[in-house]
Amino acid sequence: MDLLERLKDSINTIPSLPLHCKLGYLSASDSLVLYPLPGSRVLDEDYAGNQTWQMNYELGIKTTDQEQANAVLWLASQHLDLLTDEDLISDNGSFEFLSLDINGQPSISQQDTQGYTIYQLSFSVIVNTSLDAA
């Protein structure tokens with residue numbers, strides 16, 4: 001399923017984004033990263049094996065500029081909240097976007113001794129998957 005890649009690509013369309021969003025882990029320096037969270041689950045399945053999934057993700061930013069981190073995640077939150085099925089389309093037909101729910105406001109997670117602060121935004125995406133796409 002290419003949902004994670006399509007979400008990353010969508011985030012990277014936000015105008016004036018100071019960092020390029022990548023997939024994976026936050027790096028040792030300034031970074032904006034999208035990664036899956038535990039707890040994704042099947043909400044429904046039909047007799048043909050088509051499933052409705054709730055997929056949990058988090059967008060994290062690590063930077064020494066706390067104002068920038070907060071601003072970036074608020075921009076991302078507003079962008080994600082407005083996504084429609086016309087905005088988020090699978091390149092390989094592996095999912096059909098249904099909805100996205102922001103799970104709270106962007107929040108500060110931690111600060112290290114080098115002055116880097118980590119802010120996070122978690123959200124859930126509801127998609128349909130089909131055995132035909134496998």
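Up top is the structure.
Calculation notes
- Residues numbered from 1 in each chain as written.
- Predicted model: local features only at pLDDT ≥ 70, side-chain atom pairs only at ≥ 80, totals over all residues.
- Heavy atoms only, no water.
- Helix = DSSP H or I, 4+ residues; strand = E, 2+ residues; numbered from the N terminus.
- Expected span 1.5 Å × (residues − 1).
- Buried < 20%, exposed > 50% of the residue type's maximum accessible area, 1.4 Å probe, protein only.
- Arc of directions from axis to C-beta.
- Contact = heavy atoms within 4.5 Å.
- Polar contact = N/O pair within 3.5 Å; in protein donor to acceptor, adjacent residues only side chain to side chain.
- Phe/Tyr/Trp six-rings, centres within 6.5 Å; stacked < 30°, edge-to-face > 60°.
- Lys NZ or Arg CZ within 6 Å of the ring centre and 35° of its normal.

A few words now on helix α2 (residues 66-81). The terminal C-alpha atoms of α2, which comprises 16 residues, lie 22 Å apart, in line with the 22 Å expected from a rise of 1.5 Å per residue. For α2, the set of buried residues is Ala 69, Val 72, Leu 73, Ala 76, Ser 77 and Leu 80. The buried residues of α2 occupy one face: seen down the axis, they fall within an arc of 135°. In this structure, the buried side of α2 is in contact with α1 (3-11), β2 (31-36), β4 (51-63), β5 (96-102) and β7 (117-129). Looking at where α2 begins, the residue whose side-chain oxygen comes 3.2 Å from the main-chain nitrogen of Glu 67 is Asp 65.

Moving on to the packing of aromatic side chains. What the rule picks out here adds up to 1 aromatic pair. Taking the ring centre of Tyr 116 as reference, the NZ or CZ of Lys 62 above it sits at 5.2 Å.

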